[in-house]
Amino acid sequence: MHVIRTVQEARRTGSATALRAAAWQLDALVKDSVMVGGARFLPYRFDWSIIQRRYPAPWYSGMTQGVDTLAFGILGLVPGYERYMDRAEEVFATLRRRHVNSGTPWVAGVDRRGFLWLDEYPSADGRLSQVYNGHCYAATSLLDLYPRVRASRPLFASQLHAVGVGALTTAFEYRTACRQAGHASSYTVGAVMPDPHYHIAHIEIMNSLWARTGRTGFATTLDQMVNDFPLTQTGGRIVVRPGTHVLCKFDKSGVPTAQRTFAPSTITSCTASARTQFPGSTGANGRWLLIKDGFLAGWYVHEVPGQCHLTGTTVDQVVFTMPRTVVFGGNQRVVAKGYSTAGDVVRTVDNNFTTPSLASSDRRACIEGRQMIHITNGTFAGLWVPEGRTVAYKA
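The paragraphs below set out a description of the structure included in this document. Per chain, residue numbering runs from 1 following the sequence as it is written. In keeping with the predicted nature of the model, local features appear solely for residues at pLDDT of at least 70, side-chain atom pairs appear and are counted solely at 80 or more, and the whole-chain, interface and lining totals rest on all residues. Calculation of side-chain values draws on the structure's entire complement of heavy atoms; hydrogens and water are dropped beforehand.

Some words on the pattern of salt bridges
The following threshold applies: One side-chain nitrogen of Lys or Arg within 4 Å of one carboxyl oxygen of Asp or Glu is enough to make a salt bridge.
In the structure shown here, the tally under the stated rule is 19 salt bridges. Linked by salt bridges that have partners in common, Asp-223, Arg-324, Arg-364 and Glu-387 make up one network.

Right under this line is the structure:
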């Protein structure tokens, strides 16, 4: 990924020094590459273990081949560097080969259902890893290069488009396969291996693919994942309102080791160093904030909408890469709120919907501990409404 950033920056600035640096990096990859039948494989020269598999050097990655196809192609568009477009075609050719035997590199394959995978960690014995994010990064890299070479290299462009679209078809079909309802999503398809880091990556991918394809299934999966597990996993300022609040301590496996209650008589605030969800607790009702300061430092307090939550308007925020449609059910009263950046209510508007109505949204976030939808037009323009059964994104 570092190489593509270097090349993109060099092309953006046009700096001769930056272009030479990008070319030097790509030349190093070419020098170390392995050619098989006109396809240029870019090896990793260290041993690696992941997803309970061992990958002795050299090993190869479909994600790398896809992303570096884009890197070589971008540099090849710069006058004087056209030779790198030939290297782009050679690197891309690896994604059109299939597994032959354990001694021959391969990075792309078809699963038992007939779907194409640009596989991040293919095994020498022909097994796919089905790592979702790596597959998607490779696919979108090919489709990013496609329009840039459509005029100058139409055959190459058509091949990029065919493989890229085929890979996005796989991405759509398997969009929920990494999802663990009520928990963080898994790194690979079908595995029960919740991974908070890649949960965030999968949400970002769903947002990107929704805009790229216009297929609402990606956006719907995004919503499900946001509600499954915290997108915001760091801390911030907590507001605790009067009432009884549950406090817990947990061991490394997420099992409670101590519990108590806290009942302030006035609004109290403190600082959280983390926000998480433990095994055995699911969805929005299972989120906990680790108190960082004061006499309750070291205790987790249960996040409760309107009662105990992080402040501000950017918790679990997703800014959509393309506007989305919101559906208001008929025969209901909806209260919309405007917030300051600190999360304080500065405006309230209510409206009675006698019939179903539509609006547009540019983002979503967790505000006052509730999942909220930001409206950009109509009666509620610039305001937030609570997500629920009668106010929801169009599926």
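Considerations on the pairing of strand 8 (residues 245-250)
Let me state the cut-off plainly: Strands were regarded as paired on the criterion that DSSP finds at least two bridges between them. Note on conventions: DSSP H or I runs of at least 4 residues are helices, E runs of at least 2 residues are strands, and numbering of each starts at the N terminus.
Strand direction decides the pairing type here: strand 8 and strand 9 (residues 256-262), joined by 6 bridges, are antiparallel. Looking across to strand 9, one finds that Val-246 is bridged to Thr-261. Once strand 8 ends, the chain turns through 5 residues before running back antiparallel as strand 9, passing Gly-254 with a positive phi of about 90°. Here strand 8 runs beside strand 12 (residues 300-302); their pairing, made up of 2 bridges, is antiparallel. In the strand pairing of strand 12, Leu-247 is matched with Val-301.

A look at the environment of Cys-308
Note the following rule: Think of it in three bands: with a 1.4 Å probe and only protein chains considered, a residue is buried below 20% of the maximum accessible area for its type, exposed above 50%, and partly exposed in between. Any two residues whose heavy atoms approach within 4.5 Å are treated as being in contact.
Looking at where Cys-308 falls in the secondary structure, it is placed in strand 13 (residues 308-310). Take Cys-308: its relative accessible area is 0%, and that puts it in the buried class. Between the alpha carbons of Cys-308 and Ala-93 there is a distance of 54 Å; along the sequence they are 215 residues apart. In this structure, Cys-308 is in contact with Ile-238, Val-239, Val-240, His-245, Val-301, His-302 and Glu-303, ignoring residues within four places of it in sequence.

Re helix 5 (residues 132-149)
The condition that has to hold: The span expected for a helix works out to 1.5 Å for each residue beyond the first.
Over its 18 residues, helix 5 runs 27 Å from end to end, which matches the ideal 26 Å to within 8%, given 1.5 Å per residue. A large share of helix 5 lies buried, amounting to 14 of its 18 residues.

Regarding the packing of helix 3 (residues 62-76) against helix 4 (residues 83-93)
The criterion, for reference: Axes here refer to lines fitted to C-alpha atoms; in helices the fit is confined to the stretch in contact. Angles between the N-to-C directions go from 0 to 180 degrees. Convention used here: angles under 35 degrees read as roughly parallel, angles over 145 as roughly antiparallel, angles from 65 to 115 as roughly perpendicular, and any remaining angle as oblique. Left-handed describes a crossing in which the near helix is turned anticlockwise from the far one by less than a right angle; the clockwise case is right-handed. Note that Gly is not counted as nonpolar here; it falls among the polar residues with everything else outside the nonpolar set of Ala, Val, Leu, Ile, Met, Phe, Trp, Tyr, Cys and Pro and the charged set of Asp, Glu, Lys and Arg.
Here helix 3 crosses helix 4 at 165°, and the two axes come no closer than 7 Å. Looking at the two axes, helix 3 sits roughly antiparallel to helix 4. The way helix 3 lies across helix 4 gives a crossing that is left-handed. Contacts from Gln-65, Asp-68, Thr-69, Phe-72, Gly-73, Leu-75 and Gly-76 of helix 3 reach helix 4 at Tyr-84, Met-85, Arg-87, Ala-88, Val-91 and Phe-92. Residue classes in the contact of helix 3 with helix 4 are distributed as 7 nonpolar, 4 polar and 2 charged.

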